[in-house]
Amino acid sequence: MHHSDIWTRLREESRPVVLYGTGNGADRIIDILERENIKISGIFSSAAFVRDRFFRGYKVTDFESCKKEFPDMLVLMCFGSAREDVLENVKKISRENELLAPDVPVYGDNIFDLSFYKKHKNELDIVESRLSDEKSLDTFRKLVDFKLTGNIKNLFSCEYDNSGIFDISDNAVYFDLGAYNGDTVTEFAEKYKYDRIIAVEPDRRNFRKLSENTEKLPRVKLYNALISDKNETVFLDNNKGRGAHESEKGKIPVEAVTIDKLAEKEKLSETGQLVIKFDVEGNELKALSGAQETIKKYSPLMFISCYHRSEDYFTIPLKVFSINDNYKLYMRHYKGIPAWESEYIFVPKM
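None of the values given here were measured: they were computed from a predicted structure.

J.: How should I be thinking about the sheet that holds strand 15 (residues 327-333) in this particular structure?
T.: Strand pairs in the sheet, formed through backbone hydrogen bonds, run parallel or antiparallel to each other. Pairing is mixed across the open sheet formed by seven strands, whose spatial order is 9-8-7-13-14-16-15. The open sheet is flanked by strand 9 (220-223) and strand 15, the only strands paired with a single partner. Each adjacent strand pair in this sheet contributes to an overall mean axis angle of 15°, direction not counted. Two strands pair when backbone bridges link them, and strand 15 and strand 16 (residues 342-348) are joined in this way by seven bridges, in the antiparallel orientation. The partner of Tyr-327 across the bridge, within strand 16, is Pro-348. Each of strand 8 (196-200) and strand 9 is contacted by helix 10 (residues 204-214), which is oriented at about 170° to strand 9, the strand it contacts most. In the packing of helix 14 (residues 312-323) onto the sheet, the strands contacted are strand 14 (301-305), strand 15 and strand 16, and the crossing angle to strand 16 comes to about 15°.

J.: Where do I start with the packing of helix 6 (residues 121-130) against helix 14 in this structure?
T.: Two measures define how a pair of helices packs: the angle their axes make with one another and the distance between the axes. Interaxial distance between helix 6 and helix 14 falls to 9 Å at its minimum, and their mutual angle equals 60°. The angle between helix 6 and helix 14 falls in the class oblique. Remark: the crossing between helix 6 and helix 14 carries left-handed chirality. Together, Glu-123, Leu-124, Ile-126, Val-127 and Arg-130 of helix 6 and Tyr-313, Phe-314, Pro-317, Leu-318 and Phe-321 of helix 14 make up the contact between the two elements. Classifying every residue of the contact of helix 6 with helix 14 by side-chain character gives eight nonpolar, no polar and two charged.

Cut-off values and rules
- Residues numbered from 1 in each chain as written.
- Predicted model: local features only at pLDDT ≥ 70, side-chain atom pairs only at ≥ 80, totals over all residues.
- Heavy atoms only, no water.
- Pairing = 2+ DSSP bridges.
- Helix = DSSP H or I, 4+ residues; strand = E, 2+ residues; numbered from the N terminus.
- Axes fitted to C-alpha atoms, helices over the stretch in contact; angles between N-to-C directions.
- Contact = heavy atoms within 4.5 Å.
- Parallel < 35°, antiparallel > 145°, perpendicular 65-115°, else oblique.
- Left-handed = near helix turned anticlockwise from the far one by under 90°.
- Nonpolar A, V, L, I, M, F, W, Y, C, P; charged D, E, K, R; others polar.

Set out below in structure tokens:
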């Protein structure tokens, strides 16, 4: 049972607290630190991003300058990366000063702190009890601990691949939902034989890149649409990040479509294998609500990102099991800080 969290610890911290990184992640972390009355002593960035600038009223310096001013500082990493050079730099900094990575959700307002953990411990325990191998149990426990403590060693010690837990047949139909620029479509096409690939991406800029990057691949159909629980026109925020997300204040129209509608349109065979990858920017629960007939009828092999919202760790598995209980559940975390490269894998029981 956990008894504390990173925010409690930071409130009690006597060392200078210094932030590493600027941008959206730092913005959200500063908001929480200010709300919790936790003092920030400085901000540093990688050398290429220092320049002569301020962020949220703080002069942005480099690590060496901060280290000189605050030799015993506690560093908070405020951005995400899976790049090898960045991760090596993070490890280097953490050897000189303690470094934590506060976990703030990409979407939603729920922070995975101690009160959130206690409130949802029953649901988390149910999900943990359904995990199908030791690597999944290890991953789940270390990711929960990371979310509470910010200790990046948890992430480095549970980087597993997903080999050996599923098979993909030569006649598989692959739905790539949240296809971004086609990186995962290309990866799938290089790795497996397949019947066809259906790729869906709502952001117009990403969709153009997706079209360019997959134009030479055979049997690939693209949809510029948002996966949701209804078939209607919705509006997207005009943010220039990786993800396009529907918003009440959004101004960019895009067609929302359910997986059930797509499955009907694509005339799937009940004898072929259906594989679905969900990475839909916090819309995972809506996507599952719009996929109930498909999940009941085809029992697809599913890879579902579980890092966009704090509650994803329990709401996603519980939702799937409420639709179709005939699944083995696995969890994997791949290289990266924070726990963004994490997913549940739902393998249909034979």
